[in-house]
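Topology and contacts: notes
Residue-level listing of the chains:
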Amino acid sequence: MKTETIEYKDGDVTLRGYLAFDDKKSGKRPAVLVMPEALGLGAHAKKRAERLAELGYIALAGDPYGDGLELATVAEAIPRAGALFADVGKARQRARVALDKLASLPQADPSRMAAIGFCMGGTFGLELARDGAPVKGVVTFHSGLQTQRPASGQIKAKILINTVQTIRWCRLSRSRRSPMK
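Reading the values: the criteria
- Position numbers for residues count from 1 along each chain, tracking the sequence in the order it is written.
- Local features in this predicted model are restricted to residues whose pLDDT is 70 or higher, and side-chain atom pairs enter the listing and the counts only when it is 80 or higher, whereas totals over whole chains, interfaces and linings include all residues.
- The basis for every side-chain value is the complete set of heavy atoms in the structure, and neither hydrogens nor water enter the calculation.
- Values of pLDDT, which run from 0 to 100, indicate the predictor's confidence residue by residue.
- We call two residues contacting when some pair of their heavy atoms lies within 4.5 Å.
- If DSSP finds at least two bridges between two strands, the strands pair.
- Counting from the N terminus, the helices are the DSSP runs of H or I reaching at least four residues and the strands are the DSSP runs of E reaching at least two.
- Whenever a helix is involved, its axis is fitted only over the stretch in contact; in every case the axis is a line through C-alpha atoms, and angles between N-to-C directions fall within 0 to 180 degrees.
- Working definition: roughly parallel below 35 degrees, roughly antiparallel above 145 degrees, roughly perpendicular at 65 to 115 degrees, and oblique for all remaining angles.
- By the convention adopted, Pro, Cys, Tyr, Trp, Phe, Met, Ile, Leu, Val and Ala count as nonpolar, Lys, Arg, Asp and Glu as charged, and the other residues, Gly among them, as polar.

On to the confidence of the model for the protein. Per-chain confidence: the protein averages 88 in pLDDT, with 86% of residues scoring 70 or above. Every residue in residues 166-181 scores below 50 in pLDDT, and together they form 6 contacts with partners more than four places removed in sequence or on other chains.

So this is what it looks like as structure tokens:
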């Protein structure tokens, strides 16, 4: 398997994504954009890209902030993520340049692309779908579901949203108790 850091641009911001693919395989293959959680381009997204490459895909773990930045704490990430999603068009553009970079690679089949993401990365994937990006599918894991700009009938992708809702049982009345104490 070949892995490397590749550069691409969003305006004047230099982004450094993590590319993984099987270099023993020739020809074009399905491509998957992996967008990371709010801490930035870290080991989790890189490992997911590698696992996809082992399955025969070409995968790019995208860089949400620039320079391949990985933050240490959620407290550091919140202002950066907030600034990025304050204008959903900016967030969509950041994901779109990563997708375009992936589509431009000689190993990628741009007619067979998907996006997956974790937390903030899943929100990037949903925004790509809402924006009508040329992806066949989007899979999210505990992503944000809200948006400032809903889709207007242009969604082309199949979407799978994986999320968990916590349900708290409480005492309903003195005579009826919840099944959990």
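Taken in spatial order, the 7 strands of this open sheet run β1-β2-β4-β3-β5-β6-β7, and their pairing is mixed. What marks the edges here is a single partner per strand, and that holds for β1 (2-10) and β7 (158-162). Each strand axis lies, on average, 20° off the axis of its neighbour in the sheet, ignoring direction. Alignment of strand β3 (residues 29-35) against strand β5 (residues 108-118), held across 6 bridges, turns out to be parallel.

With that settled, consider the packing of helix α3 (residues 88-104) against helix α4 (residues 120-130). Interhelical geometry of α3 versus α4 gives an angle of 90° and a closest axis separation of 9 Å. As far as their axial angle goes, α4 and α3 are roughly perpendicular. Side by side, α3 and α4 meet where Val-88, Ala-91, Arg-92, Arg-94, Ala-95, Arg-96 and Leu-99 of the first sit next to Phe-124, Glu-127, Leu-128 and Arg-130 of the second. Across the contact of α3 with α4, the residue classes tally to 6 nonpolar, no polar and 5 charged.

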